[in-house]
There are 2 protein chains.
Amino acid sequence: MARRDRDPSPVVPKAAAARLSLYLRFLESLREHGVPTTSSQKLAAGVGVTAAQVRKDLGYFGQFGLPGIGYRIDHLVDELRRILGTDRTWNVALVGIGNLGSALAEYRGFERQGFRFVALFDRDPAIVGRAFGSLAVDSIESVEPVVRVRGVELGIIAVPAPAAQEVADLLVAAGIRGIYNFAPAVLQLPPQVAYVSIDLAVELEQLSFSVTQQRPT
Amino acid sequence: MARRDRDPSPVVPKAAAARLSLYLRFLESLREHGVPTTSSQKLAAGVGVTAAQVRKDLGYFGQFGLPGIGYRIDHLVDELRRILGTDRTWNVALVGIGNLGSALAEYRGFERQGFRFVALFDRDPAIVGRAFGSLAVDSIESVEPVVRVRGVELGIIAVPAPAAQEVADLLVAAGIRGIYNFAPAVLQLPPQVAYVSIDLAVELEQLSFSVTQQRPT
DNA sequence: AAGTGTGAAGGCCTTCACAGCA
DNA sequence: TGCTGTGAAGGCCTTCACACTT
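Residues numbered from 1 in each chain as written. Chains lettered and ligands numbered in written order. Predicted model: local features only at pLDDT ≥ 70, side-chain atom pairs only at ≥ 80, totals over all residues. Heavy atoms only, no water.

### With respect to the sheet that holds strand β1 (residues 37-38) of chain B
Strands belonging to one sheet form pairs held by backbone hydrogen bonds; the direction of such a pair is parallel or antiparallel.
Residue and element names in this part refer to chain B.
Phase 1: An order of β1-β3-β2 is seen for the 3 strands of this open sheet, with the pairing classed as antiparallel. Of all the strands in the sheet, just β1 and β2 (65-66) have a single pairing partner and so form its edges.
Phase 2: When β1 meets strand β3 (residues 70-72), the two strands line up antiparallel, connected through 2 bridges. Paired with Thr37 across the strands is Arg72, a residue of β3. (Pairing = 2+ DSSP bridges. Helix = DSSP H or I, 4+ residues; strand = E, 2+ residues; numbered from the N terminus.)

### So, the packing of aromatic side chains
All names here are of chain A.
Phase 1: Overall, the coordinates contain 8 aromatic pairs over all chains when judged by the stated rule.
Phase 2: On the numbers, 5.1 Å between centres and 80° between planes, the contact of Tyr107 with Phe110 is edge-to-face. Phe110 matches Tyr107 in its accessibility class, with the two residues each being buried.
Phase 3: The rings of Tyr107, Phe110 and Phe117 are connected pair by pair, giving a single aromatic cluster.
Phase 4: The side chain of Arg88 reaches across the aromatic face of Trp90, ending 3.8 Å from its centre. (Phe/Tyr/Trp six-rings, centres within 6.5 Å; stacked < 30°, edge-to-face > 60°. Buried < 20%, exposed > 50% of the residue type's maximum accessible area, 1.4 Å probe, protein only. Lys NZ or Arg CZ within 6 Å of the ring centre and 35° of its normal.)

### Comments concerning the protein's contact with DNA strand C
Phase 1: With respect to spatial proximity, 24 residues lie near DNA strand C, and among them Arg19 of chain A together with Ser40, Arg55, Gly65 and Gly68 of chain B are the closest.
Phase 2: Close to the protein, within 4 Å, the atoms of DNA strand C belong to sugar or phosphate groups at a rate of 59%.
Phase 3: Within the backbone of Pro67 of chain A, a nitrogen or oxygen atom sits 3.2 Å from a sugar or linking oxygen of DNA strand C.
Phase 4: Elements that contribute at least two residues to the surface near DNA strand C include exactly α1 (14-32) and α3 (51-59) of chain A together with α3 (51-59), β2 and β3 of chain B.
Phase 5: The greatest single-element share of the surface near DNA strand C, amounting to 4 residues, is contributed by α3 of chain A.
Phase 6: Looking at side-chain class alone, the surface near DNA strand C contains 10 nonpolar, 8 polar and 6 charged residues. (Near = heavy atom within 4 Å. Polar contact = N/O pair within 3.5 Å; in protein donor to acceptor, adjacent residues only side chain to side chain. Nonpolar A, V, L, I, M, F, W, Y, C, P; charged D, E, K, R; others polar.)

So this is what it looks like as structure tokens:
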């Protein structure tokens, strides 16, 4: 007996989605140089993949190219932004204003892509109240009301590993929709909350592994 | 006609190597709690993969388990460190002492895994000379001699995107063996130089993509 | 009885190759 | 002619299943 609604939306390989951001970065830099169109070949060379892969990846989301011509950069940039969800502004909260958190709070790269910090939290009373630009650090106690009032949708966790799960639970309880975790810990989250995790030391270990194996990544 | 030396060393899936670090983190935390042994099942639950995957991944590097018992944690930690190359200390140089670079210079997580900063560089005269712990920031001009004299093997790039390739070239010319890049740029490097790249904003875009698709990563 | 190590099967992702369009 | 879009083929990675070990 056939099941209805089996796999309702197009299945996009996770790896393909990850490359979309790289394509977008490269297209933006081309646009800054006034280039009007490009090809899958040039795009591929710019981000270090094959031309077939570029076409296949874009093909999961629609038809954006012109046979014989290539891709109109303005158009493809708009489409990629829409697909990635960065054609709008996201309200972001940052929890943990230590070394890494402070740097993230001042990092300009997020804002450029449509991510805006609207709340900063820390547990340490010596840090609560400190100002970053026009934003003041709030106490971790006030996560729930602040997240709701300011319409925070994404949370960034930059606290020590032992506190990470607890912070994640707070953010989830406050209704956050996605978590970006820098703590070296694996978080347990409900399936409806999106999750991206980066462990800076793990990545560095991958480098020492590559060097040790005498093989470039 | 058969080719000699075809594929001389065991082929390890890249993804498998990446998980080794996660296994190591989890094992270290178990050890801190005084646990003497564990199983592929428990290890898998701790890092969010399947037990078969754990056994397969470890199987690429040797036989570390005891049938009926599991894995001796002390032993497996030592083996993983050896495999990942973190059973020794690595001398690391950090280039670009802005917000992110400053945070990385003070981040304790690297040292804990055997990575030691022995040189800091920046182009800005206002930053050169500033001290981080016992380390002073050197001018970018002195990369080559400093890298050679202090035996730097790995370089971390935390400069703006337009300067990243130039900095990478300097590090390569100085004889560095691996580069960890935080700049939102794709670097061209000779094949013998290992390469790991993280774009913090790209990862955040993956989060907004997941939320937009209403699908957890 | 419990749990590893591993060939075989399966599935997903990448590469190939070319029809079709500008 | 140049380049995209896309089925088909190929390859890599994951999952399965069980022989084997303690």
